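Observations on the three-dimensional arrangement
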Amino acid sequence: MVLYRVALALAGALLVSPLAPPLGLAPAAFHAPVPQAAKAAGPRVVAIGDVHGAFDQFVEILQTAGLIDAKHQWIGGTTVLVQTGDVFDRGPKVREPLDLLMRLEEEARRAGGRVEALLGNHEVMNLLHEFRDVSPASYAAFADARSESRRQRAFDDYAKLVKQRATPGEAPSRDAWLASHPPGFLEYVEALGPRGKYGRWLRSHKVVTTEGGTAFMHAGVRADMAPTFDDINRTATREIAAWDDTKALMVKAQIVPAFCTLPEAVEAAVAELQRIAAALQANPNVQPGDHVTREFVEKLQALLAIGKSSLFEPEGPLWFRGFALWPENQETIDTQLTPVLTKY
């Protein structure tokens, strides 16, 4: 969108994506002079969009922009690098850009610069165990010498869990289960958990940040969203924490394994709520399980409505595509952009 590009230009920012065709940009695109007004307003800003496992192209962009050297060390000085999310999924090299961004955060800080790695919808999908777009190579990058024995034990534990459920289900065959949980799967899930290397780091990051009067985020905002950018960030943090808490309760109640996917957790929540309702209907005076409390039931009910949360709502801050889809005309300026700019 023209107005969006102008806003970025005024901030001295370069907004690019490693996956935008063609892969990588011509050096001239990066070495264009930064407007004097932008220099006076604050530090140089480089914004990079979706990486999606395209690590080599991501490195090429960072080097061409003068942010890292041949050894991938920070040389950007006081530049602010904003990576607007979606490092995850699709491509084969997800772990590498995560490690690089984590290291560059500290190196840039020591040099007087800053790295702002934001949450995109694919970061949140993975934090909440929605793995539908994860590539086999991403799992494989987390595998080690003990992955096979872990998988075998995990299947045995899962089969026992299914058998002991109040409403027993039929466990899949070992071969089918192992095929859907390849080497590295369990380690990948653990690394993205609240205590995992990447999960802990990602949970400390924002959905939206500002620099020099310009907002950066993966998707976009509408005038009828949360009152402030801080509210958007707080809501996302709270909703991710709610998932963590709910899954932990379900694991403790032996309803799901720790490595369950989001669809599996939702399916299990439906079955558990049905079981509780049937038990209470049969005998209201009998507790339908020591783990069943009002809080437990409310958390399961909230999990069933997760599609309406800011994390998954199609018109929410992680998915909204209005800036890309709105027509570039005066009506859009009057009815969409002006209310957004007035509010935020």
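Conventions used here
- Residues numbered from 1 in each chain as written.
- Predicted model: local features only at pLDDT ≥ 70, side-chain atom pairs only at ≥ 80, totals over all residues.
- Heavy atoms only, no water.
- Helix = DSSP H or I, 4+ residues; strand = E, 2+ residues; numbered from the N terminus.
- Buried < 20%, exposed > 50% of the residue type's maximum accessible area, 1.4 Å probe, protein only.
- Contact = heavy atoms within 4.5 Å.
- Areas by Shrake-Rupley, 256 points an atom, 1.4 Å probe, with all protein chains shown as cover.
- Axes fitted to C-alpha atoms, helices over the stretch in contact; angles between N-to-C directions.
- Parallel < 35°, antiparallel > 145°, perpendicular 65-115°, else oblique.
- Left-handed = near helix turned anticlockwise from the far one by under 90°.
- Phe/Tyr/Trp six-rings, centres within 6.5 Å; stacked < 30°, edge-to-face > 60°.
- Lys NZ or Arg CZ within 6 Å of the ring centre and 35° of its normal.
- Salt bridge = Lys/Arg side-chain N within 4 Å of Asp/Glu carboxyl O.
- Lys, Arg positive; Asp, Glu negative; His and termini not counted.
- Polar contact = N/O pair within 3.5 Å; in protein donor to acceptor, adjacent residues only side chain to side chain.
- pLDDT = per-residue confidence, 0-100.

The helix and strand tally for the protein chain stands at 16 helices and six strands. Buried residues in the protein chain amount to 48% of all 344 residues. Intrachain contacts of the protein chain at a sequence separation of at least 6 include 73% that bridge at least 24 residues. As presented, the protein chain carries roughly 17000 Å² of accessible surface, and 56% of it is formed by carbon and sulfur atoms.

Relative to each other, helix α13 (residues 262-282) and helix α14 (residues 294-304) sit at 135°, their axes nearing to 9 Å. Comparing their axes, α14 and α13 come out oblique. Crossing handedness for the pair α13 and α14: left-handed. Side by side, α13 and α14 meet where Leu-262, Ala-265, Val-266, Ala-269, Val-270, Glu-272, Leu-273 and Ile-276 of the first sit next to Phe-296, Val-297, Leu-300, Gln-301, Leu-303 and Leu-304 of the second.

Before going further, it helps to spend a moment on the packing of aromatic side chains. Tallying each qualifying case throughout the model produces 13 aromatic pairs. Arranged with centres 5.9 Å apart and planes meeting at 80°, the rings of Phe-142 and Tyr-198 form a pair that is edge-to-face. One end of the pair, Phe-142, is in the loop between α7 (136-140) and α8 (147-164); the other, Tyr-198, is in helix α11 (residues 197-203), and 56 residues separate them in sequence. You can call Phe-142 buried: its relative accessible area is 9%. An aromatic cluster is built from Phe-131, Tyr-139, Phe-142, Phe-185, Tyr-188 and Tyr-198, whose rings are joined through pairwise contacts. Lying over the aromatic face of Phe-142, Arg-95 brings its terminal NZ or CZ to 4.2 Å of the ring centre. The ring of Phe-320 has Arg-222 sitting right over it, with the charged end atom 5.7 Å from the ring centre.

One side chain can pair with another of opposite charge once the charged atoms of both are near each other. All chains considered together, the criterion is met by 16 salt bridges. Between Glu-211 and Arg-114 there is a salt bridge, with the nearest N and O atoms lying 2.5 Å from each other. Note that Glu-211 is positioned in strand β5 (residues 208-211) and Arg-114 in strand β4 (residues 114-117), a separation of 97 residues in sequence. Residue Arg-114 is classed as partly exposed on the basis of its relative accessible area of 30%. Salt bridges sharing partners connect three or more residues here, namely Glu-106, Arg-109 and Arg-110.

This brings us to the side chain of Glu-107. Tracing the chain through its elements places Glu-107 in helix α5 (residues 95-110). Residue Glu-107 is classed as buried on the basis of its relative accessible area, which comes to 12%. Contacts of Glu-107, omitting those with residues within four sequence positions, involve His-72, Gln-73 and Trp-74.

The next thing to look at is the packing of helix α12 (residues 229-252) against α14. Orientation of α12 relative to α14, taken along the N-to-C sense of each, is 120°, at an axis distance of 10 Å. By the angle between their directions, the pair α12 and α14 is classed as oblique. Remark: the crossing between α12 and α14 carries left-handed chirality. For the pair α12 and α14, contact is made by Trp-243, Asp-245, Thr-246, Leu-249 and Met-250 and by Phe-296, Lys-299, Leu-300 and Leu-303, respectively.

Let's shift gears to unusual backbone geometry. Phi angles above zero are rare outside glycine, and Asp-86 is one such case at about 60°. Topologically, Asp-86 is positioned in the loop between β3 (80-83) and α5. Judged by its relative accessible area of 2%, Asp-86 falls in the buried class. Here the phi dihedral of Arg-90 falls at roughly 75°; this positive angle occurs in a residue that is not glycine. Tracing the chain through its elements places Arg-90 in the loop between β3 and α5. On the basis of relative accessibility, which here comes to 53%, the residue Arg-90 falls in the exposed class.

Moving on, we get to the side chain of Asp-89. Among the secondary structure elements, Asp-89 is positioned in the loop between β3 and α5. It turns out Asp-89 is buried and unbridged, and the closest side chain with the opposite charge, Arg-90, is 6.9 Å from it. Separated by 2.6 Å, the side chains of Asp-89 and His-122 make a polar contact. Separated by 3.1 Å, the side chains of Asp-89 and Asn-126 make a polar contact. In this structure Asp-89 touches His-52, Gly-53, Val-94, His-122, Asn-126, Asp-133, Val-134 and Tyr-188, once residues within four positions along its chain are discounted.

Confidence in the prediction for the protein chain averages 88 pLDDT; 87% of positions are at 70 or higher. When the criterion is pLDDT under 50, residues 1-14 qualifies, and its contacts beyond four places in sequence or with other chains add up to 31 contacts. Confidence drops under pLDDT 50 across residues 19-34; counting only partners more than four residues distant or on other chains, this segment forms 23 contacts.

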